Amino acid sequence: VSESATSNDLLVRPVKGASVRPGFLAWAWDLAAATPGLPSIAGLLVVVAAVSVWAVSLSTIDLNAMNDFGLISVLPHMMLVAFVAVIASFCICLQSRRVAAPVLLVHLVALIVMLYGIPPLIEEVPRFAVTWRHIGVTEAIVRTQEVDPTIDAYFNWPGFFTLSAFAGDISGVDPAALAPWTPVFFSLLYLGPLFVLLREATDDRRVIWLAMLIFYVANWIGQDYFSPQGLEYFLYLVALAMIVRWFRKTPEPGAGVQRTASRLARRLRPAIERESEGRHGRTRVRPSPAQSAGVMAILIAVLATIVASHQLTPFAVLIAVTALVVFKRCSATRLPLMIAVLIGTWSAFMAVAYFKGHLASLTSNVGAVEQNVQTSVGGRLHGSPDHLLVLYARLAMTAAVWGLAFLGAIRAYRHHRFSFTYALLACSPFALMALQPYGGEILLRTYLFSLPFIALFAALLFYAGRAAASRSWITTALVGVATSTLMVGFLVTRYGNERMDYFTPQELSAVRYATKTARPGSVLLATTSSLPWKLERYEQFHYKVLSDSPGWSRIDPVRPDVNALVREVEVTLRHPAQDGYFLITRSQEAQLEMEGWAPRFLAQFKLALASSRNLRVAYTNRDASVFTPKTTPASRRRLAQ
Amino acid sequence: MSLPVPLLWPMASSVWTLGAGFAVLVTPGSPLRPLLLLSFLLVGPGLALVRLLRIGDFVMELTLALALGIVLATLVSGTMAYSGHWLPMLALAVLMCITLAANSVEALMVKAARQPEQGTTTLSVPPEPASSVSDPIDEQIASLLESVSSNR
């Protein structure tokens, strides 16, 4: 890993007589020239065969047979064989004397489509309740043609939603049609900055490509759905790729805090500098002022877009860049200040409506690391036996990837291939834990922000040694076993909630009935939040969830008092307009069963609601029912007013 | 290494840009419209601007182009939404103008880069650095000049 680039090495221009940075044609020629070879051809044939088997297997998946273990409980065995075949072929291609980048890229793209593309191909409507909420925010912006910050947090950081609204409006595509494919799209989008980040870390192609494979089979977090964080993660990777590409520098003895901070870096330097070979020995030419200004302008624009689009990602960038500057690994020393000013300006002027009501709750957990971590871990560990297994698998998967990275960092250090810059980038997201629990997700987000860098160190565990050892069959077998295990872990952990995350067209029809029929100001009530709602007229209704009510925690999950719940539904729907709707869907039933509630509890609840004197069934189908208050002369008068 | 026809990209990009505009204005119901528009929004303006920097690294160029495309589309859509003037056609026109302007600048840069090359080919003797005296005739001239100056 090179730490030798200076701020003057901003851009690289082709130099006469030196093969430096090829243009598109040369790049394409390199791709073609690198392709031939028996392992490459065999690898491509394996990919074609595996994709064919995978595609045929898709039609045999029965979602209704899924249990609390998630999607893997209904995946055909042949599909698992196809995944393992692609990974095995990838590892064998890595073993080749000349690593054929295009062949590895084909493997990786195929694996991304196969791993991330299952839900859109087997499910009839977009999965995940929050996806529908984001579709609803987009619809609200297109319909109202403005951003009203008083609605909720989404309208205070609306970058992603205005972009989606604009793209959908101008192209004539309904965001709901594209939403199922966003995990595949975003994952493909991450390829570019991820490759640049890893390429700047090492010249060893085996490490680069294995790290990329580890990134995709270990990314179980699932934040790449139709969401601001999915898109902003791409910009996060781009910003860091630009910084390590153009603003990285060697630490020099400084003063004050920086001198203290860089002491550790200087101690590690002997182990670092031996890495500075290959790519970074290329001729670098001092950039023109216009080029320097252009790169900096793009970086600032990327950072500003992150700030305007998401609450957490700007802090992840700020912490990472601050760590690089403090440890003298970044020549743009004023960048942290600039990011802080961007965040402060946005918060003070554009998100003030949100901060007015939430400042106390946002700042109450600052510094409470233990409490924040506990909310992310302990607060989630409950549910049915199968679901508990999934939750423990997530913890094990996270610990395993961090463990591999830790061992890889030790091995890299011993072989003089340790990168202090990338270690900083891997560790800096942990500082986010000191900010707030982020709805119990801070540990997941920390893992996600550090994933590209821990994937690098995990790859170095296998390939930090001599070239001959890297090409041995034992190493190849170890890599294959490790990545195949992570892949199985990915299927368990990422799709472990699939029973409640997928929706049927019948559930969607029931929600559409309620949103089209309800008057503005009505209450839309559900037992839990797992349903495809908030998709239309987002700002016109009061959305409430029974499981968020104070009385919910007093109900015994094994023998729930359904009559008490019916009374709560009646009271909630009467306020304020008496024409609210209560929605019960299959996915809510699945969520409650996964969380350890008595089986068939929701069926009993539904019967009790149907027999209520104050409620009537407004809409029903196989997977959903909608209840509304019976109209009385008094309620009719109130509605008429 | 440069493209065999340096003007190929600016021309292709301009055709693509105009095609996107055509798809919206003339054939709004065409199945090509989403493909043309979404690909243009994602890559078109960003790539046109990034190419002006002459980074010379295809992967980095494409990555920055995608990022800049997203940034520009977010900027124009955010401006529309905050100003309360939701005019997607105008926003598209702004992005098209940026792309066409960047393509024009790139074409001018290509043209300007060609002119010095053409100038040097018209010279009968290419200029040599003063220190690189390697030709025997040059050496004789140099020694002659030295002797003349010493006689003086």
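Residues numbered from 1 in each chain as written. Chains lettered and ligands numbered in written order. Predicted model: local features only at pLDDT ≥ 70, side-chain atom pairs only at ≥ 80, totals over all residues. Heavy atoms only, no water.

Q: Help me out: how do you make sense of the overall build of chain B in this one?
A: Helix and strand counts for chain B stand at five helices and zero strands. Starting at the N terminus, the α and β elements of chain B follow one another as α-α-α-α-α. Looking at chain B residue by residue over its 152 residues, the buried ones come to 38%. Taking contacts inside chain B between residues at least 6 apart in sequence as the whole, the part at least 24 apart equals 57%. Just so you have it, chain B exposes about 8,500 Å², and 71% of that area is on carbon and sulfur atoms. (Helix = DSSP H or I, 4+ residues; strand = E, 2+ residues; numbered from the N terminus. Buried < 20%, exposed > 50% of the residue type's maximum accessible area, 1.4 Å probe, protein only. Contact = heavy atoms within 4.5 Å. Areas by Shrake-Rupley, 256 points an atom, 1.4 Å probe, with all protein chains shown as cover.)

Q: It is not clear to me how the packing of helix α3 (residues 77-95) of chain A against helix α22 (residues 473-494) of chain A should be interpreted in this structure. Could you clarify?
A: A pair of packed helices can be characterised by two numbers: the angle between their axes and the separation between those axes. All names here are of chain A. Between α3 and α22, the least distance of the axes is 9 Å, while the angle of their chain directions is 145°. Note that α3 runs across α22; the crossing there is right-handed. Contacts from Leu80, Phe83, Val84, Ile87, Cys91, Ile92 and Gln95 of α3 reach α22 at Trp473, Thr476, Val479, Gly480, Thr483, Ser484, Met487 and Leu491. (Axes fitted to C-alpha atoms, helices over the stretch in contact; angles between N-to-C directions. Left-handed = near helix turned anticlockwise from the far one by under 90°.)

Q: Got a minute to help me understand the interface of chain A and chain B in this structure?
A: Every contact between the two is made by 54 residues of chain A and, on the other side, 41 residues of chain B. The contact between chain A and chain B buries some 3,900 Å² in all, and 78% of this surface belongs to carbon and sulfur atoms. Three residues stand out in chain A for area buried against chain B, namely Phe166, Ile170 and Ile298 of chain A, and they jointly supply 18% of the buried area on that side. Put simply, aspartate 57 of chain B and arginine 199 of chain A hold a salt bridge, and the shortest N to O gap is 2.5 Å. At the surface where chain A touches chain B, the tally comes to seven residue pairs in polar contact (both at pLDDT 80 or more). Residue assignment for the side of chain A that touches chain B shows that the elements contributing at least two residues are α1 (24-34), α7 (159-171), α9 (182-201), α11 (228-246), α13 (289-309) and α15 (335-350) of chain A. (Buried area = accessible area lost by both parts, 1.4 Å probe. Salt bridge = Lys/Arg side-chain N within 4 Å of Asp/Glu carboxyl O. Polar contact = N/O pair within 3.5 Å; in protein donor to acceptor, adjacent residues only side chain to side chain.)

Q: Sorry if this is basic, but what is going on with a nonpolar patch on the surface here?
A: Taken together, the side chains of Phe22, Leu25, Val26 and Met89 of chain B present a nonpolar region at the surface, about 420 Å² in accessible area. Relative to the helices and strands, methionine 89 of chain B resides in helix α4 (residues 88-122). (Patch = residues over 30% accessible without salt bridge, like charges linked within 9 Å, V, L, I, M, F, W, Y side chains within 5 Å.)

Q: What's the story with the sheet that holds strand β4 (residues 615-620) of chain A in this structure? I'm lost.
A: Sheet strands associate in pairs through backbone hydrogen bonding, adopting either a parallel or an antiparallel arrangement. Residues and elements named next belong to chain A. Taken together, the five strands give an open sheet; going across it, the order is β2-β1-β3-β5-β4, and neighbouring strands pair in mixed fashion. Every other strand in the sheet has two partners, leaving β2 (542-545) and β4 as the edge strands with one partner each. Between one strand axis and the next, the sheet turns by 25° as a mean value, whatever way the strands run. Packing of helix α27 (residues 601-610) onto the sheet brings it into contact with β3 (581-585), β4 and β5 (624-629), and relative to β3 it is tilted by some 150°. (Pairing = 2+ DSSP bridges.)

Q: Quick question: what am I supposed to make of the packing of aromatic side chains here?
A: Residue and element names in this part refer to chain A. Summed over the entire model, instances satisfying the criterion amount to 37 aromatic pairs over all chains. Between the aromatic rings of phenylalanine 160 and phenylalanine 161, the centroid separation amounts to 5.3 Å while the plane-to-plane angle is 80°, which identifies the pairing as edge-to-face. Summarising the burial analysis for this pair, phenylalanine 160 and phenylalanine 161 share the class buried. Considering the side-chain rings of phenylalanine 490 and tyrosine 495, the 6.1 Å spacing of their centres and the 90° angle between planes classify their relative orientation as edge-to-face. Note on phenylalanine 490: relative accessible area 0%, which makes it buried. The class of tyrosine 495 is buried, set by a relative accessible area of 1%. Here the aromatic residues Tyr116, Tyr190, Phe215, Tyr216, Tyr233, Tyr236, Phe449, Phe490 and Tyr495 are joined through ring pairs into a cluster of three or more. In this structure, arginine 586 is placed above the aromatic ring of tyrosine 502, and the distance from its NZ or CZ to the ring centre is 4.1 Å. (Phe/Tyr/Trp six-rings, centres within 6.5 Å; stacked < 30°, edge-to-face > 60°. Lys NZ or Arg CZ within 6 Å of the ring centre and 35° of its normal.)

Q: What exactly am I supposed to notice about the pairing of β3 of chain A here?
A: Successive side chains on a regular strand alternate, one facing one side of the sheet and the next facing the other. Residues and elements named next belong to chain A. For β3, the tally of buried residues reaches five of five residues, placing the bulk of the element in the interior. On β3, burial covers both faces: Tyr581, Leu583 and Thr585 on one face and Phe582 and Ile584 on the other are all buried. Both strand β1 (residues 523-526) and β3 contribute to a ladder of three bridges, which runs parallel. Each residue of the ladder has a partner; that of alanine 526, found in β3, is leucine 583. Sheet analysis places β3 next to β5, joined by four bridges and oriented antiparallel. Considered in β5, the bridge of isoleucine 584 is made with serine 625.

Q: Where do I start with the pairing of β5 of chain A in this structure?
A: All names here are of chain A. Buried residues dominate β5, accounting for six of its six residues. Judged by which residues are buried, β5 turns out to be covered on both faces: Ala624, Val626 and Thr628 on one side and Ser625, Phe627 and Pro629 on the other are all buried. In this structure, β4 lies alongside β5, joined through five bridges in antiparallel fashion. In the strand pairing of β5, valine 617 is matched with phenylalanine 627.

Q: What's the story with the environment of valine 74 of chain A in this structure? I'm lost.
A: All names here are of chain A. Mapped onto the elements of the fold, valine 74 is located in the loop between α2 (38-58) and α3. Among the residues examined, valine 74 registers a relative accessible area of 11% and is labelled buried. When the C-alpha positions of valine 74 and aspartate 62 are compared, they lie 6.4 Å apart, and in sequence the two are twelve residues distant. Here valine 74 is in contact with Ile61, Asp62, Ala65 and Met66, once residues within four sequence places are set aside.

Q: I keep staring at the confidence of the model for chain A and nothing clicks. Help me out?
A: A residue-level look at chain A finds 84% of positions with pLDDT of 70 or above and a mean pLDDT of 85. Here residues 270-283 of chain A is a poorly scored stretch, pLDDT under 50, and it has 38 contacts once near neighbours within four places are set aside; other chains count. (pLDDT = per-residue confidence, 0-100.)

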